[in-house]
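Architecture and fold: a report
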Amino acid sequence: MLPEVHVGRRSALISCQIDHYRLIVGDELIDEIFGLAHKLKGLKVCEINSTAFGGGVAELLPRLVPFMEALGLDVDWRLIHAPTEFFTITKAFHNALQGKPHTLLESEKSLYLQVNEQTAKLLEERYDVIIVHDPQPAALRYFAGQRDAKWIWRCHIDSSHPSEEVSQFLLPYLNLYDAMIFTMPEFLIPGMTVKRIVFIPPAIDPLATKNMDLPLDICKRAMADSGVDPTRPVLLQVSRFDPWKDPLGVIKAYQLVKQECREVQLVFIGAMAADDPEGWALMDQVEEEAAKDPDIFVFNNLAGIGNAEVNMFQRGSDVIVQKSIREGFGLVVSEAFWKEKPVVAGNAGGIPLQFPDAFRWYLVENIEDCAERILHLLRKPGARGAFGRAGRERVRQHFLLPRLVRDRLRLIRDLVDGREPQRSS
Ligand code: UDP
């Protein structure tokens, strides 16, 4: 049997909380969700990914699964089980789909397929809908066969510039799916023949510990407890240690800011994801840089930084930075906006989707621009407030969990009803 992630007994709790979302997103959306769910009650759904810790998918599923269960669907969340070498290969696939050149070795193809074949054998239960996340388990559909289920591949990656070699290898496996979800049309991988492709951006849960309201003085006290001086300006980047998140570029931008604003501090909160072996080396590099400057702080989930701490640091910081070079979506951007924080971010992938129109000047292409926009915000607290409020409203309208649940339920309904596919945009 494939390892299962238990999301605890939160279903009952969420079930009474669904109505709490009405105050935030309005009745129409919640009523539509209940209407869709009514027809799908009892449907057996399986979500399959490669890790329960670290990264956006591991962040989303613990919120989505209980929500869908509370609506009456029967949802399991299962993980593929594989050796570290497999995750080194799939991280290379991930990087290649995000545009990094990669020469595919026969040994890589063979271990990738072997793990997917074994995983398919372990998938014993019967499901109506199987949702496979990202490239790691993508060949599962091929090895498992149709099994009377509807198969959905959910790609969370910025695959707008995929390496030809890796995409050509994966395409025959991907093209077997009944439907695909991408965050935006730009991410479509050339050569896909699947007829039902929908574009559904991820979302954050405003009621989760990571995003719930907290008093600012408590947040600042927690920061002080970690050695950060909350009376001085704080810049924060929260992300996996991944070259695409450009933490070394963030340090360079901070150093430019520091030339003008001596008081500034930089905090990194960086999770280590179980399916991302590349992260350790980059974390060492970031820590090496931090060791040279007492105003740079590096915290990670191994040091007890969990959702509540991330929430407190996001609320207590002055400017949130997300200097990604490629980004599938960047949940951290919505998390920051929801807290009415200004964000200076890379103009990459799904990040611009989240920006309020009037504040796109804060989307940056390079280190110098990043430093300039940060300084501008540090000098103008009024601009920070207006930007943060506009960001929160954009997130409220487009990037909260109920909208994501609604879009997924619509897709599941269309699939199980056998409705004619229509490409959304
Ligand atoms: N995150 C966290 N602790 C960390 C680093 C990241 O809780 O040390 C969370 C972050 O708050 C966000 C998710 O992990 O919810 C990262 O998702 P995102 O879409 O930003 O990036 P991904 O890792 O999926 O590329």
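The coordinates are above.
This section reports on the structure supplied with the text.

As for the sheet that holds strand β8 (residues 265–269)
The six strands lie next to each other as β9-β8-β7-β10-β11-β12, forming an open sheet whose pairing is parallel. Each edge of the open sheet carries a strand with a single partner, namely β9 (296–299) and β12 (363–364). Relative to strand β10 (residues 319–322), strand β7 (residues 234–238) runs parallel, the two being bridged by two bridges. Bridge pairing links L236 to I320 in β10. The sheet strands contacting helix α11 (residues 279–291) are β8 and β9, and the helix crosses β9 at an angle near 145 degrees.

Quick notes on the pattern of salt bridges
For the structure on display, the rule yields 35 salt bridges. Residues D128 and R126 are paired through a salt bridge, measuring 3.0 Å at the closest nitrogen-oxygen approach. In this structure, the salt-bridge partner of K245 is E327, at a minimum N-O distance of 3.0 Å. Of this pair, K245 sits in the loop between β7 and α10 (247–260) while E327 sits in the loop between β10 and α13 (331–338); the two residues are 82 residues apart in sequence, bridging distant segments of the chain. Grouping residues by exposure puts K245 and E327 together as buried. What you see here is one network of salt bridges that share partners, running through E4, K44, D74, D76, R78 and E125.

With respect to the pairing of strand β2 (residues 74–79)
Across the six residues that make up β2, a large majority, five, are buried. In this sheet, β2 lies alongside strand β1 (residues 44–49) in parallel orientation, the contact comprising six bridges. Its bridge partner lying in β2, K44 is registered against D74. The parallel pair β1 and β2, bridged by helix α4 (residues 56–70), forms a crossover whose chirality is right-handed.

Cut-offs applied
The residue numbering used here restarts from 1 in each chain and proceeds along that chain's sequence as written. In keeping with the predicted nature of the model, local features appear solely for residues at pLDDT of at least 70, side-chain atom pairs appear and are counted solely at 80 or more, and the whole-chain, interface and lining totals rest on all residues. Processing note: side-chain calculations cover all non-hydrogen atoms of the structure and skip hydrogens and water entirely. Each pair of strands is called paired provided DSSP finds at least two bridges between the two strands. Labels follow the DSSP assignment, with helices taken as runs of H or I lasting at least four residues and strands as runs of E lasting at least two, numbered in each case from the N terminus. Contacts: residue pairs with any heavy atoms within 4.5 Å of one another. Lines fitted to the C-alpha atoms define the axes, with helices restricted to the stretch that makes contact. Angles between their N-to-C directions range from 0 to 180 degrees. Salt bridge, as applied in this entry: a Lys or Arg side-chain nitrogen positioned within 4 Å of an Asp or Glu carboxyl oxygen. With a 1.4 Å probe rolled over the protein chains alone, any residue whose accessible area is under 20% of its type maximum counts as buried; one over 50% counts as exposed, and the rest are partly exposed. When the strands point away from the viewer, a crossover counts as right-handed if the path from the first strand over the helix to the second runs clockwise.

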